[in-house]
Amino acid sequence: MKKRFKLKHALVLCTRNLIKLTRTPEQLIDVTVQPIIFLVLFLYVFGGAISHGSQHDYLQFLLPGLIGQTIAMSSISIGQNMNADIATGVFDRFRSLPIARSLPLVGAVVAEFFRYLLLCVITVGFGYLLGFRIATDPLKLLAALGIAICFALSFAWISVWVGTKVRTSGAVQGVMFLLVMPLSFGSSTFVRPTTMPGWLQWFVSVNPISHLASTMRGLMLGGPVGTQVGWTFAWIAGMLIVFFPLALRGYARRT
C-alpha cells in the first residue's frame, strides 16, 4: 500500500535533524563564523581597493550579495549529512516506518530553514555593527531575507541530489565546491559586472546568485527590483522542478 505524505511526519523528522544539530554544534560554523570571516576579509582586505578607499560604500554594496554567496556555500553540508546518513544505514530504518518515501529528505531540508535564518540574522546583525544600514524599510528587509531563504531551500536540493549520487561525504564537498565557487565569484556579489570582460559579463547576467544579489540590494538599498525578483523566483522554481525529483530518485536507488 502506498504510504501517504503527512506534514506532521515531516515535522517530526525535521525535529530529529534539529536535535542532531544541537548535539554537534560545530555544524553551525558555516552559518555563524564563516559569514563573519567573509565579511571582514572582503571588506577590509579588498574594500578599499574596490571602492577607491570608501569601505563604508563597499559594505553597503557587499553585504546584500554576500548573503547569497554564504547561503550557497552553507548548502554543501546538507548533502554531506545526507550521504553520511545513507552510509550508516539510518535511512534503511526509515523505510520500515509507515511514512512516505520522500519524508526523510523533506524533513532534512525543512530543518535547514533554521540554519539559513541564523545565517541571515548574524550577517545582517554583524554588518550593522560594522556600519551597514538599510535604505528602505524593515518590511523590505524581511522580504529580502525571506527570498534568500527560499532560494537557499531550493538550492539545497542540488546538494541533496549530489549526496545521493557520490560515494563519500568528502566527495560531496568536492563536487559542490566545483559548482558553488564559480557561481559565487563569477557573480555580482563582490564587484560590479561592468568591470569584467564581456564574456564573463554574460555569465554573470545569467548567474542565479547574481539575480539573488541584485534582488537583495534592491530590497535593502532601494531601486527597481521587479525583473530581478522575477528571475530569482524563476530560478527557485527551476531548481525545485529539476532537482527535487532527481534527489528522490537518487535516494530511492541508494536506499
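Summary of the structure given here. (Residues numbered from 1 in each chain as written. Predicted model: local features only at pLDDT ≥ 70, side-chain atom pairs only at ≥ 80, totals over all residues. Heavy atoms only, no water.)

When you go through the protein residue by residue, the secondary structure sums to eleven helices and zero strands. N-terminal to C-terminal, the α/β element order of the protein is α-α-α-α-α-α-α-α-α-α-α. Put simply, the protein has 255 residues, and 47% of those count as buried. Considering only intrachain contacts with a sequence separation of at least 6, the fraction spanning at least 24 residues in the protein is 80%. Element-wise, carbon and sulfur atoms account for 69% of the exposed surface of the protein, whose accessible area totals about 12300 Å². (Helix = DSSP H or I, 4+ residues; strand = E, 2+ residues; numbered from the N terminus. Buried < 20%, exposed > 50% of the residue type's maximum accessible area, 1.4 Å probe, protein only. Contact = heavy atoms within 4.5 Å. Areas by Shrake-Rupley, 256 points an atom, 1.4 Å probe, with all protein chains shown as cover.)

A separate point is the nonpolar core. Grouped together as the largest cluster of nonpolar side chains are 68 residues, with contacts concentrated most on Ile67 and Phe155. In terms of residues, this core owes the most to one element, helix H7 (residues 138-165), which gives 14 residues. When residues no more than four places from it in sequence are discounted, the contact partners of isoleucine 67 are Leu119, Cys120, Thr123, Val124, Leu145, Ala148 and Met216. (Core = buried A, V, L, I, M, F, W, Y, C linked by side-chain atoms within 4.5 Å.)

Let's shift gears to the side chain of serine 75. Along the chain, serine 75 falls in the loop between helix H3 (55-74) and helix H4 (76-88). The buried category is assigned to serine 75, whose relative accessible area is 0%. Apart from the residues within four sequence positions on either side, serine 75 is in contact with Tyr116, Ala152, Phe155, Ala156 and Ser159.

With that settled, the discussion passes to the packing of H7 against helix H11 (residues 226-254). At their nearest, the axes of H7 and H11 sit 8 Å apart, and the two run at 30 degrees to each other. When the interaxial angle is binned, H7 and H11 end up roughly parallel. In this structure, H7 meets H11 at a crossing whose hand is left-handed. (Axes fitted to C-alpha atoms, helices over the stretch in contact; angles between N-to-C directions. Parallel < 35°, antiparallel > 145°, perpendicular 65-115°, else oblique. Left-handed = near helix turned anticlockwise from the far one by under 90°.)

Going through the model one piece at a time under the given rule, you end up with eleven aromatic pairs. When the centroid spacing of 6.0 Å and the interplanar angle of 20 degrees are considered together, the rings of phenylalanine 151 and phenylalanine 155 count as stacked. With phenylalanine 151 and phenylalanine 155 both in helix H7, this residue pair falls four residues apart, about one helical turn. By way of ring pairs, the aromatic residues Phe38, Phe42, Phe46, Phe185 and Phe190 are connected into one cluster. Against the face of phenylalanine 61 rests arginine 217, its NZ or CZ located 3.8 Å from the ring centre. (Phe/Tyr/Trp six-rings, centres within 6.5 Å; stacked < 30°, edge-to-face > 60°. Lys NZ or Arg CZ within 6 Å of the ring centre and 35° of its normal.)

Before going further, it helps to examine helix H1 (residues 7-23). Look at H1: 25 Å from first C-alpha to last across 17 residues, which is about the 24 Å you get at 1.5 Å a residue. Among all positions in H1, only His9, Ala10, Leu13, Cys14, Asn17 and Leu21 are buried. Viewed end-on, H1 has its buried residues packed into an arc of 140 degrees, placing them on one side of the element. Turned more than 90 degrees from where H1 packs its buried face, Lys8, Val12, Thr22 and Arg23 sit exposed. (Expected span 1.5 Å × (residues − 1). Arc of directions from axis to C-beta.)

Let's shift gears to the side chain of serine 159. With respect to the helices, strands and loops of the structure, serine 159 is situated in helix H7. Of the residues examined, serine 159 reaches a relative accessible area of 0% and is grouped as buried. There is a polar contact of 3.0 Å between the side chain of serine 159 and the backbone nitrogen of glycine 79. The residues contacting serine 159, other than those within four sequence positions of it, are Ser75, Ile76, Ile78, Gly79, Val172 and Met176. (Polar contact = N/O pair within 3.5 Å; in protein donor to acceptor, adjacent residues only side chain to side chain.)

Counted under the stated rule, the structure contains three salt bridges. Close ionic contact of aspartate 30 with arginine 115 constitutes a salt bridge, the shortest N to O distance being 2.5 Å. Placement of the pair is aspartate 30 in helix H2 (residues 29-50) and arginine 115 in helix H6 (residues 103-130), with a sequence separation of 85 residues. Assigned by exposure class, aspartate 30 and arginine 115 land together as buried. Note that arginine 115 and glutamate 112 form a salt bridge whose closest N and O atoms lie 2.9 Å from each other. (Salt bridge = Lys/Arg side-chain N within 4 Å of Asp/Glu carboxyl O.)

What follows deals with the environment of serine 154. On the secondary structure map, serine 154 appears in helix H7. Those residues within four positions of serine 154 in sequence are excluded, and the remaining contacts are Ile236, Met239 and Leu240.

For the rest of this paragraph, the subject is H11. Taking 1.5 Å per residue, 29 residues should reach 42 Å; H11 reaches 41 Å between its end C-alpha atoms and fits that length. Within H11, the axis deviates most sharply at phenylalanine 243, by approximately 25 degrees, and proline proline 245 lies no more than four positions further along. For H11, the full list of buried residues reads Val229, Thr232, Ile236, Met239, Phe243, Ala247, Gly250 and Tyr251. (Bend = angle between axes of the 7 residues up to and from the residue.)

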